[in-house]
Amino acid sequence: MPSDLEKKIDYLFNNEKGRQLLDNIINYLTPLLTDLSERRLSLPFASILLSMVISGEYAAERTIGRPPEESLESALSSLREVCLVAEKIVRENFESGDLERLYESLLQEISSSGVKGSEQAPESTE
């Protein structure tokens, strides 16, 4: 039986209104994600964004009266579920060839923008 998260992902992928919402978000974020990828900042950005989303889960748990420790455990459980579902999606995208198409798209974006090589963020920010 699919989890609540999997049902919501299915809605975003397979329902007309859900797909339109997802497409709008992707169209907005794609140029930003390309820039992050070029600068090799996509993983730090994803970590920050995910922690913000999970913090919202914690806050939602607290608003329904759960104690802090229980709310934290619930939020961390949600994080684990999100990571497992994300891994499943990435594997499916690899098997379908979508990851290679994304790679090719990124190469085209870089070459059309005239960027030679990719920018790298400093190793540390002391």
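Shown above is the structure to which this text applies.
Quick caveat: nothing in here was measured; it's all calculated off a predicted structure.

Some details on the overall build of the protein
- Scanning the protein for helices and strands turns up five helices and zero strands.
- Overall, the protein shows an N-to-C arrangement of helices and strands of α-α-α-α-α.
- With 126 residues in all, the protein has 10% of them scored as buried.
- The contacts of the protein with a sequence gap of at least 6 include a subset with a gap of at least 24, amounting to 50%.

Examining the side chain of Glu 61
- In this fold, Glu 61 is placed in helix H3 (residues 42-63).
- Given the relative accessible area of 13%, Glu 61 is considered buried.
- If sequence neighbours within four positions are ignored, Glu 61 has contacts with Arg 66, Ser 71 and Ser 74.

Considerations on the side chain of Ser 71
- Here Ser 71 is to be found in helix H4 (residues 68-96).
- For Ser 71, a relative accessible area of 0% corresponds to the buried category.
- Within the structure, Ser 71 has its side chain in polar contact with the backbone oxygen of Arg 66 (distance 3.4 Å).

Some thoughts on the packing of helix H1 (residues 4-14) against helix H2 (residues 16-38)
- The N-to-C vectors of H1 and H2 enclose an angle of 80 degrees; their axes lie 5 Å apart at closest approach. If you check the angle between H1 and H2, you find them roughly perpendicular. Contacts between H1 and H2 pair Tyr 11, Leu 12, Phe 13 and Asn 14 from the former with Glu 16, Lys 17, Gly 18, Arg 19, Leu 21 and Leu 22 from the latter.
- Broken down by class, the residue content of the contact of H1 with H2 amounts to five nonpolar, two polar and three charged.

The rules we used
- Along each chain, residue indices are assigned from 1 in the same order as the chain's sequence is written.
- Given that the model is predicted, a residue must reach a pLDDT of at least 70 before its local features are reported, and side-chain atom pairs must reach 80 or more before they are shown or counted; all residues, however, enter totals for whole chains, interfaces and linings.
- For the side-chain quantities, the full set of heavy atoms in the structure was used; hydrogens and water were omitted.
- Runs of H or I in DSSP of at least four residues are treated as helices and runs of E of at least two as strands, each being numbered from the N terminus.
- Relative accessible area decides the class of each residue, using a 1.4 Å probe on protein chains only: under 20% of the type maximum gives buried, over 50% gives exposed, and in between gives partly exposed.
- Contact criterion: two residues are considered in contact whenever any of their non-hydrogen atoms come within 4.5 Å of each other.
- Polar contact is defined as a pair of N or O atoms within 3.5 Å, subject to the rule that within protein one atom must be able to donate a hydrogen and the other to accept it, and that residues adjacent in sequence are counted only when both atoms are side-chain atoms.
- Axis angles are defined between N-to-C directions and span 0 to 180 degrees, where every axis is a line fitted to C-alpha atoms and, for a helix, only to the segment in contact.
- When describing relative orientation, an angle under 35 degrees is termed roughly parallel and one over 145 degrees roughly antiparallel, while 65 to 115 degrees is termed roughly perpendicular and anything else oblique.
- Note on residue categories: nonpolar means Ala, Val, Leu, Ile, Met, Phe, Trp, Tyr, Cys or Pro, charged means Asp, Glu, Lys or Arg, and polar means any other residue, Gly included.

Distances and angles like these do not, on their own, reveal function.
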